[in-house]
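Structural description and commentary
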Amino acid sequence: MKKILLLAIAAALVAVFAFDLQNLLTLDSLKNSLGDFRRFQAESPWLVSGIYFAIYVVVTAFSIPGAAVMTLAGGALFGLWQGLLLVSFASTVGATLAFLGARYFLRDSVQAKFGNRLNAINAGVEKEGAFYLFTLRLVPVFPFFLINLLMGLTQMKAWTFFWVSQLGMFAGTVVYVNAGTELAKITSLSGILSPGLIASFVVLGFFPLAAKKIIDRVQARRVYARWKKPARFDRNLIVIGGGAAGLVSAYIAAAVKAKVTLIEAHKMGGDCLNYGCVPSKALIKSAKLAHQMSLANRYGLEATQPKFSFKAVMQRVHDVIRAIEPHDSIERYTGLGVEVLQGYATLVDPWTVEIRHNHGETSRLTARSIVIAAGAQPFIPPLPGIQDVGVLTSDTLWDAFAQRDAAPKRLVVLGGGPIGCELAQAFARLGSQVVQVEMAPRILVREDDDVAALALQSLQADGVQVLTRHKALRFEQNGGEKTLVAEHADREVRIAFDDVICAVGRSARLTGYGLEQLGIETQRTVVTNDYLETLYPNIFAAGDVAGPYQFTHTAAHQAWYAAVNALFGQFKKFKVDYSVIPWTTFIDPEVARVGLNEQDAKAQGVAYEVTRYGIDDLDRAIADSDAHGFVKVLTVPGKDKILGVTIVGVHAGDLLAEFVLAMKHGLGLNKILGTIHTYPTLSEANKYAAGEWKRAHAPQKVLAWLARYHAWRRG
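Residues numbered from 1 in each chain as written. Predicted model: local features only at pLDDT ≥ 70, side-chain atom pairs only at ≥ 80, totals over all residues. Heavy atoms only, no water.

**Topic: the nonpolar core**
Membership of the largest hydrophobic core comes to 40 residues, with the highest contact counts inside it found for Leu283, Leu397, Trp398, Phe401, Phe427, Val434 and Ile501. Among the elements of the structure, α12 (277–294), α13 (310–324), α15 (397–400), β7 (410–414), α16 (418–429) and α17 (449–461) are those that each provide at least two residues to this core. It is α16 that contributes the most residues to this core, 6 residues altogether. Core analysis: the next-biggest nonpolar cluster, separate from the first, contains 30 residues, Ile370, Ile372, Ile520 and Ala546 among them. (Core = buried A, V, L, I, M, F, W, Y, C linked by side-chain atoms within 4.5 Å. Buried < 20%, exposed > 50% of the residue type's maximum accessible area, 1.4 Å probe, protein only. Helix = DSSP H or I, 4+ residues; strand = E, 2+ residues; numbered from the N terminus.)

So this is what it looks like as structure tokens:
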């Protein structure tokens, strides 16, 4: 159907230009034919009005040059008021038809090619599109036909487009129709719009944006109405929380010479340094080395069961934390110009923070802006008996196991996400009998099936008993024996254990520092807008407490936007860019991803091609006896534009960086293929993946002709 319609439209346009019909829509033609039109109008006024209306709609709908002349004709034939009525509605109807045509013929293909980028544009159009369309309609500098087509590619509702266009084009319509009533005096179309008149339109075009700013200010005043704003402020910025987001926010403020105070109740460095990224990676390294020793025969050495003190392993974990602590210490940040206070912060009003210092005193500080970076904590489901069995989390296990002489004998890990998988594999390699319990059909549910399957295979090879489709029901304790009761296939399964680690997710810290008193909305996280502003435009949230990602690197990423918007938002505000977010699960082999994977692309309706390169074919991986895993790249069909990459293999998190850079700066697979990669390195896997794409898109017809050419050259 689309093809038939396109052929009909194309034939109509060809006819217009083949028979020089567009020449009828010129100023000279209008002047010469005006007498005939008026005689015809005197005989059949309603018919002329109807024909004029229909022609105007067609000209506008098909973007045929001549709409300006048609508008002048409306004034010349019908006078100001009738002409204004006809032109106003005909132009809007025609524009809406062009809008719908672009949507019908083009939007699907554009969405398929640029789907993930259009999501942000569509969200903006849905939120503020009417303001921008109104502005564009008011300024005649912007070609109206182009606006019609571009808006058709967005998610704007047709009715919104219609009434905003009707209002926005009205001022320009009045000018042209009025000019048409004095057609004899007009010598050229350019003479209608003088520089002064265009300047007036431009000023008028900024009116809706200015109105929006005024509305925003009025709304802000309403939000702040019940609070008394201080006449002076003690600080430019107060930051609540000393994790990744808080540290970066404070650092940026100090770097631009703002007076900033950072408040942390517990340990500087937050969860990542003290409980998450750092200790878990230290444990994973020790476990991996023990694993390699037991498989030393792969390298031509004698395999041996490693002998070690579990207490020494845990001591190394704490030593690593202490070695990194100075990077996030009070002393370092004080030296950078940040005032660091240790205590509990509570928001008293939108500008005032009360600090209950760890040494017992209480004080208050005011600041023009505040950044909430309170982080998150492990979520413990309210299962019967879970607290009675001494449940551990990624926060508490490090101290709980610090003095153990041996690793837990029987360990249950609740959760099949990244944290659960990392801990399950590490403890299994250190000698624990690990049972991992996951309610979903598979582990790593955010990854593709093939990725999860390879991860499962690796965990099972290390001795982890992975139980999927098992729903934890309750915990029991009988005579010192601890048991998890789970449901599987409509029956109860009992799993005995000595220790249990809960790794089913993390929840943002939302209570205890005054959000409720200020009425700041929370929905699993602190609710913010695109600029990380809360209900109060001077209070921002960043990091795990704000979501949507709970990674250290995204917390630091958000912190830049929060700090800059807090300090300089009166001049320019920046929307957070989530377009290229990488993450890694540090099991062995690692699972690293950026952008879309296959299940995400299918869910979002994004068309894609898959290119896959097996790392088992990579020379360096073979030499290292690490020849397992793959690089999987999703691209726009027929093009080398990267939509997403998943890498499974040794050092996958490091290898991913090249693709993150490429996606961030719009580089395709051809650029990666054309970049020299050192031989033999693991990074060559990226180049070979690009080569696989190139091979699949080789121009076969050209190659066939080249084969004939070379055969001819051989005689």
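**Here's the deal with helix α19 (residues 552–568)**
Residues three or four positions apart in an α-helix share a direction because the helix packs 3.6 residues into each turn. An ideal rise of 1.5 Å per residue puts 24 Å on 17 residues; α19 measures up with 24 Å between its terminal C-alpha atoms. For α19, the full list of buried residues reads Thr554, Ala555, Gln558, Ala559, Tyr561, Ala562, Ala563, Val564, Asn565, Ala566 and Leu567. Looking at the packing, one finds that the buried side of α19 touches β1 (235–240), α10 (244–255), β5 (362–372) and β17 (539–541). (Expected span 1.5 Å × (residues − 1). Contact = heavy atoms within 4.5 Å.)

**Quick word on the pattern of salt bridges**
As enumerated under the stated definition, the model contains 28 salt bridges in all. Here arginine 235 makes a salt bridge to glutamate 339, at a shortest N to O gap of 2.8 Å. Here the residue arginine 235 occupies a position in strand β1, and glutamate 339 occupies one in strand β3 (residues 339–349), the gap between them amounting to 104 residues. Overall, the relative accessible area of 13% leaves arginine 235 in the buried class. (Salt bridge = Lys/Arg side-chain N within 4 Å of Asp/Glu carboxyl O.)

**Points about the sheet that holds strand β19 (residues 590–595)**
Spatial ordering of the open sheet is given by β18-β19-β22-β21-β20, a layout of 5 strands whose pairing is antiparallel. A single partner strand is all that each edge strand has here, and the edge strands are β18 (582–585) and β20 (609–614). Averaged over all pairs of adjacent strands, the angle between strand axes in this sheet comes to 10°, irrespective of strand direction. Sheet topology places strand β21 (residues 630–635) next to strand β22 (residues 642–649); 6 bridges connect them, and they run antiparallel. Within the sheet, the bridge partner assigned to leucine 634 lies in β22 and is glycine 644. Across the sheet, helix α24 (residues 684–696) lies against β20, β21 and β22, angled at about 135° from β20, the strand it touches most. (Pairing = 2+ DSSP bridges. Axes fitted to C-alpha atoms, helices over the stretch in contact; angles between N-to-C directions.)

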